[in-house]
Amino acid sequence: MINQSSFRNSFIQSSIETARFYGFHGIDLCGVLPSKSSDMTNLDTLLNEWRIAVVSEAKNSSKSELLLVMSGYYLPALDSVSYPIESMMKNLDWVHVTAYDYHVPRIDNFTYTHAALYDPMNGANTDSGIKEWK
């Protein structure tokens, strides 16, 4: 969806229409992982276009601006690919840090901490993830 302008525009317009139809106060983009640099560049574009559309829609409808929120992986960079932090700061009202699924037995093939606040073994944990975001 984020790779083509027409797809982004369709997503943006339908998300705004859906939020207004159901009386939501905002929109939460969920499930975005930093996987490819091109995806993160296109996410930057999506966030910029989405903010412009939300501001424009609010002015044209005389309603308050919808909140734009995103759920982000507990680490802002993964395999040398990072979220577009500057764009997120400029265009989003806040980010929910996904602080779970550090180890999933079905995927990792062993049992370990699923959502550790701290980890004395320096594994995946919420404290180190939040420090990375800061």
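Up top you'll find the structure we're talking about.
Our subject in this report is the structure included herewith. (Residues numbered from 1 in each chain as written. Predicted model: local features only at pLDDT ≥ 70, side-chain atom pairs only at ≥ 80, totals over all residues. Heavy atoms only, no water.)

Glancing now at the overall build of the chain. Regarding its fold elements, the chain presents 5 helices and 5 strands. Counting from the amino terminus, helix and strand elements in the chain follow one another as α-β-α-β-β-β-α-β-α-α. When the backbone C-alpha atoms are referred to their principal axes, the chain occupies close to 55 × 30 × 30 Å. Across the 134 residues in the chain, those meeting the buried criterion constitute 37%. Of all intrachain contacts in the chain linking residues separated by at least 6 positions in sequence, the fraction that spans at least 24 positions is 63%. When the accessible surface of the chain is split by element, carbon and sulfur atoms take 55% of a total near 8,400 Å². (Helix = DSSP H or I, 4+ residues; strand = E, 2+ residues; numbered from the N terminus. Buried < 20%, exposed > 50% of the residue type's maximum accessible area, 1.4 Å probe, protein only. Contact = heavy atoms within 4.5 Å. Areas by Shrake-Rupley, 256 points an atom, 1.4 Å probe, with all protein chains shown as cover.)

Approximately 150 Å³ is the volume attributed to the largest pocket. In terms of lining, the largest pocket is formed by C30, G31, V32, L33, S71, G72, Y73, Y83, T98, Y100 and D101. Mapped by element, the contributors of at least two residues to the lining of the largest pocket are β1 (26-32) and β2 (67-73). Split into classes, the residues belonging to the lining of the largest pocket amount to 6 nonpolar, 4 polar and 1 charged. (1 Å grid on protein atoms, 1.4 Å probe; cavity = no way out; pocket = protein on both sides within 12 Å on 5 of 7 lines; lining within 4 Å. Points joined across faces, edges and corners; volume = space filled by probe spheres on them. Nonpolar A, V, L, I, M, F, W, Y, C, P; charged D, E, K, R; others polar.)

Once that is clear, we can look at helix α2 (residues 37-61). Residues separated by three or four positions in an α-helix point in the same direction, a consequence of the helix having 3.6 residues per turn. A rise of 1.5 Å per residue sets the reference length of α2, with its 25 residues, at 36 Å; its end C-alpha atoms lie 36 Å apart and thus fit the reference within 8%. Of the positions making up α2, those classed as buried are D39, M40, N42, L43, L46, L47, W50, R51, A53, V54, E57 and A58. Summarising the contacts, the buried residues of α2 are in contact with α1 (5-21), β1, β2, β4 (81-82) and α3 (85-91). Looking one or two places after α2, you find S62, whose phi comes out positive at around 60°. (Expected span 1.5 Å × (residues − 1).)

With that settled, the discussion passes to the nonpolar core. Of all hydrophobic cores here, the largest spans 22 residues; its most connected members are L43, W50, M70 and Y83. Elements that contribute at least two residues to this core include exactly α1, β1, α2 and β2. In terms of residue count, the dominant contributor to this core is α2 (7 residues). Beyond its immediate chain neighbours, meaning those up to four positions away, M70 contacts D28, L29, V32, L43, Y83, M88, L92, W94, V95 and H96. (Core = buried A, V, L, I, M, F, W, Y, C linked by side-chain atoms within 4.5 Å.)

Let us look at a nonpolar patch on the surface. Together, F21, Y22 and F24 line one region of the surface with nonpolar side chains, adding up to about 410 Å² of accessible area. Position of F21 among the secondary structure elements: in helix α1. Given the relative accessible area of 65%, F21 is considered exposed. (Patch = residues over 30% accessible without salt bridge, like charges linked within 9 Å, V, L, I, M, F, W, Y side chains within 5 Å. Salt bridge = Lys/Arg side-chain N within 4 Å of Asp/Glu carboxyl O.)

Functional significance is not addressed by these values, which are geometric in nature.
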